[in-house]
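Working through the structure, step by step
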Amino acid sequence: DAKTTQPTSMDCAEGRAANLPCNHSTISGNEYVYWYRQIHSQGPQYIIHGLKNNETNEMASLIITEDRKSSTLILPHATLRDTAVYYCIVRVETGANSKLTFGKGITLSVRP
Amino acid sequence: EPEVTQTPSHQVTQMGQEVILRCVPISNHLYFYWYRQILGQKVEFLVSFYNNEISEKSEIFDDQFSVERPDGSNFTLKIRSTKLEDSAMYFCASRREEGTGELFFGEGSRLTVL
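Residues numbered from 1 in each chain as written. Chains lettered and ligands numbered in written order. Predicted model: local features only at pLDDT ≥ 70, side-chain atom pairs only at ≥ 80, totals over all residues. Heavy atoms only, no water.

Notes on the environment of Arg69(B)
Residues and elements named next belong to chain B. Assignment of secondary structure puts Arg69 in the loop between strand S7 (65-68) and strand S8 (75-79). Between the alpha carbons of Arg69 and Phe49 there is a distance of 9.0 Å; along the sequence they are 20 residues apart. With sequence-adjacent residues up to four places away left out, Arg69 is seen in contact with Pro25, Phe32, Phe49, Asn52, Asn74 and Phe75. A polar atom in the side chain of Arg69 sits 3.4 Å from the backbone oxygen of Ser73. (Helix = DSSP H or I, 4+ residues; strand = E, 2+ residues; numbered from the N terminus. Contact = heavy atoms within 4.5 Å. Polar contact = N/O pair within 3.5 Å; in protein donor to acceptor, adjacent residues only side chain to side chain.)

In structure tokens form, the structure reads like this:
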């Protein structure tokens, strides 16, 4: 799986959009971009994933650049409960061995 | 909403003792995983399991570890002879299908080895 790089931490004000960047310059054509988050020491929680097109769901939006070398996770209206470690992961979809490899992630702190 | 459940939430054991961590994956899921997270460190892959056999395991998953799906609903991780460095949060995860299916994680079992 390709490696990703994320800033160590960032913060944003409650109610504002949080834009979390991720670089994955060595991504292959068959690798998807996934975002998970981990609130405190809870189990990781799936947020969103995409291949080429931008994606949106009830939690977030995922913007993938045209060359697919980077992406941005957008939380449109951050709340205090969005304070967590966010992981950007690229993963090949190859059946049973399709594990996730977590990096250090980015710690998002939402301030009141 | 269906969820992955894990028991116990916290277990304290003496070094050298055997520990079994239990997981009930989401009922129609086919792929099962164990991860661990040592305090302050990354979430690390241990093992994946499909069709009643291990499909991949990491270097961490040595002979002291084993997994089993004994009855079609539970998925267990056994550590035969615990070491101090096995102290960690252990997360079970499951996935429904091949392809772009997301992994659903349980809330974890905290293992403390004294």
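Section: the pattern of salt bridges
For side chains of opposite charge, pairing can occur when their charged atoms come near one another. Residue and element names in this part refer to chain A. A complete count under the given rule lists 4 salt bridges over all chains for this structure. Between Asp11 and Arg111 there is a salt bridge, and its shortest N-O distance comes to 3.1 Å. Of the two residues, Asp11 sits in strand S1 (residues 9-13) while Arg111 sits in strand S9 (residues 106-111), which places them 100 residues apart along the sequence. Accessibility expressed as a relative area gives 43% for Arg111, which makes it partly exposed. (Salt bridge = Lys/Arg side-chain N within 4 Å of Asp/Glu carboxyl O. Buried < 20%, exposed > 50% of the residue type's maximum accessible area, 1.4 Å probe, protein only.)

Re the interface of chain A and chain B
Taken together, the 22 residues of chain A in the interface contact 24 residues of chain B. Carbon and sulfur atoms make up 53% of the surface buried where chain A meets chain B, a total of about 1900 Å² over both sides. At the junction of chain A with chain B, the criterion picks out 1 salt bridge. Across the pair Glu56(B) and Lys99(A) runs a salt bridge whose closest N-O atoms are separated by 2.8 Å. Between the two partners, chain A and chain B, sit 4 residue pairs in polar contact (both at pLDDT 80 or more). Among the secondary structure elements, those contributing two or more residues to the side of chain A that touches chain B are strand S3 (31-38), strand S4 (45-50) and strand S8 (84-92) of chain A. Sort the elements by how many residues they give to the side of chain A that touches chain B and S3(A) lands first, with 4 residues. Considered class by class, the residues forming the side of chain A that touches chain B number 9 nonpolar, 9 polar and 4 charged. (Buried area = accessible area lost by both parts, 1.4 Å probe. Nonpolar A, V, L, I, M, F, W, Y, C, P; charged D, E, K, R; others polar.)

Concerning the sheet that holds strand S3 (residues 19-24) of chain B
All names here are of chain B. Pairing in this open sheet of 4 strands is antiparallel, and the strands run S1-S3-S8-S7 from one edge to the other. Two strands close off the open sheet at either side, each with one partner strand: strand S1 (5-7) and S7. Neighbouring strand axes in the sheet, compared pairwise and without regard to direction, differ in orientation by 20° on average. Bridging between S3 and S8 involves 5 bridges; their strand directions are antiparallel. By the bridge assignment for S8, Cys23 is matched with Phe75. (Pairing = 2+ DSSP bridges. Axes fitted to C-alpha atoms, helices over the stretch in contact; angles between N-to-C directions.)

Geometry only, nothing functional implied.
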